[in-house]
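Residue-level structural notes
So the chains spell out like this:
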Amino acid sequence: MDYKNAGVDIEAGYLSVELMKKYVKETMRPEVLGSLGGFSGAFSLSAIKNMEKPALVSGTDGVGTKIKLAFIMDRHDTVGIDCVAMCVNDIACAGGEPLFFLDYIACGKNYPEKIASIVKGVAEGCKQSGAALIGGETAEHPGLMPEEEYDLAGFAVGVVDEKNLITGETIKPGDVLVGIASSGVHSNGFSLIRKVFDMTKESLDTYYDELGATLGETLLTPTRIYVKALKSIKEAGVTVKGCSHITGGGFYENIPRMLPEGVRAVIEKNSYPVPAIFELMQKKGNLEEKMMYNTYNMGLGMVLALDPANVDKAIAAIEAAGEKAYVAGRVEAGEKGVAIC
């Protein structure tokens, strides 16, 4: 009897590390100290010494049951982008710059090529956000997880000068809400999606004219990463008063998180295009509209609160970063919450 016979293949672990190294190297920043494979990741703070009052901001998250689609389609190079996005977008919401990222992959059995494909996606997400992938862990759990399955989670650390923290404290009636377009469902609400659609290879390979793609391709589209858009706004000299990352809980849960007491957000649902996947899902599942807005991003991955005088400049900065933006609503006096009209 040895460890391999017990279900843990140490040699496969070594091979996974070798296969992923080329992807990890592409994410390096000058502040990274040491090399891949140590017991911890080291990151120099010398680059932030010019900040008046630097503050660390962090985020941790996973991909959720969206991973089930990756299993069925046997495509594993996009869920890593989702994992990074869910963490770094939260950091960007606070006005922070992501510095580094670590991933954790738990699997029933270590298939080195599959693990390398997952990490390839993680590295791509890190490149999109400017974060260094400085470490991670791949753990085999024989007997706990099926051999073909895995779970993926991550953790990111960023930095922001305290004076640039986005807190929502100064939001007031008359401010404008600008939404940044999502790429689709992102990484939330897949437990419901898996009830609305048959989760079979045949179903996911079905092409829909209204989607312009197969169902599986549409649903596996990675979460947009908004770090560059927020950075572009800052570089344009625009102050973002409040920022909401529209994740689980949709509009009704996430937008109030940026609001102070005494104001409410009004979203005009016809002010921007809703991706076809949401309309298809609502029709096929006979889902109530309110529940859709209480679960999904409905086409807006982030919502920003801005002074009216800064709206045009902010939208131009967002679009210069490669994203689409829309005036999606306004802030009014009233009980804290969201109205969708």
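Right above here is the structure, for reference.
Source: prediction; values computed, not measured.

Strand order in the open sheet formed by four strands is β3-β6-β4-β5, and the pairing between neighbours is mixed. Looking at strand neighbours, the two that pair on one side only are β3 (54-62) and β5 (132-140), the edges of this open sheet. With direction set aside, neighbouring strand axes in the sheet form an average angle of 15°. The sheet contact formed by strand β4 (residues 97-107) and strand β6 (residues 150-161) spans 10 bridges and is antiparallel. Paired with aspartate 103 across the strands is glycine 154, a residue of β6. Across the sheet, helix α4 (residues 112-129) touches β4, β5 and β6, and the angle it forms with β4 is around 165°.

Take the nonpolar core next. In terms of nonpolar packing, the biggest core is built from 54 residues, with Phe101, Tyr150, Leu230 and Leu304 touching the most fellow members. With 10 residues, the single largest contributor to this core is helix α3 (residues 79-93). Beyond its immediate stretch of four places on either side in the chain, tyrosine 150 contacts Ile67, Ala70, Phe71, His76, Val79, Ile105, Ala106, Cys107, Lys114, Ile118 and Met145.

All right, on to the packing of aromatic side chains then. Summed over all chains, the structure comprises five aromatic pairs. Seen in terms of ring centroids, phenylalanine 251 and tyrosine 293 are 5.2 Å apart; in terms of plane orientation they differ by 70°. Their pairing is edge-to-face. Taken as a pair, phenylalanine 251 in helix α9 (residues 250-254) and tyrosine 293 in helix α11 (residues 289-293) lie far apart in primary sequence, 42 residues in all. Arranged with centres 6.0 Å apart and planes meeting at 50°, the rings of phenylalanine 278 and tyrosine 296 form a pair that is tilted. Residue phenylalanine 278 is found in helix α10 (residues 276-285), and its partner tyrosine 296 is found in the loop between α11 and β12 (300-306); the two are separated by 18 residues along the sequence. Phenylalanine 278 sits in the buried class, given a relative accessible area of 1%. You can call tyrosine 296 buried: its relative accessible area is 1%. The ring of tyrosine 252 has lysine 290 sitting right over it, with the charged end atom 5.5 Å from the ring centre.

Reading the values: rules and limits
- Residues numbered from 1 in each chain as written.
- Predicted model: local features only at pLDDT ≥ 70, side-chain atom pairs only at ≥ 80, totals over all residues.
- Heavy atoms only, no water.
- Pairing = 2+ DSSP bridges.
- Helix = DSSP H or I, 4+ residues; strand = E, 2+ residues; numbered from the N terminus.
- Axes fitted to C-alpha atoms, helices over the stretch in contact; angles between N-to-C directions.
- Contact = heavy atoms within 4.5 Å.
- Core = buried A, V, L, I, M, F, W, Y, C linked by side-chain atoms within 4.5 Å.
- Buried < 20%, exposed > 50% of the residue type's maximum accessible area, 1.4 Å probe, protein only.
- Phe/Tyr/Trp six-rings, centres within 6.5 Å; stacked < 30°, edge-to-face > 60°.
- Lys NZ or Arg CZ within 6 Å of the ring centre and 35° of its normal.

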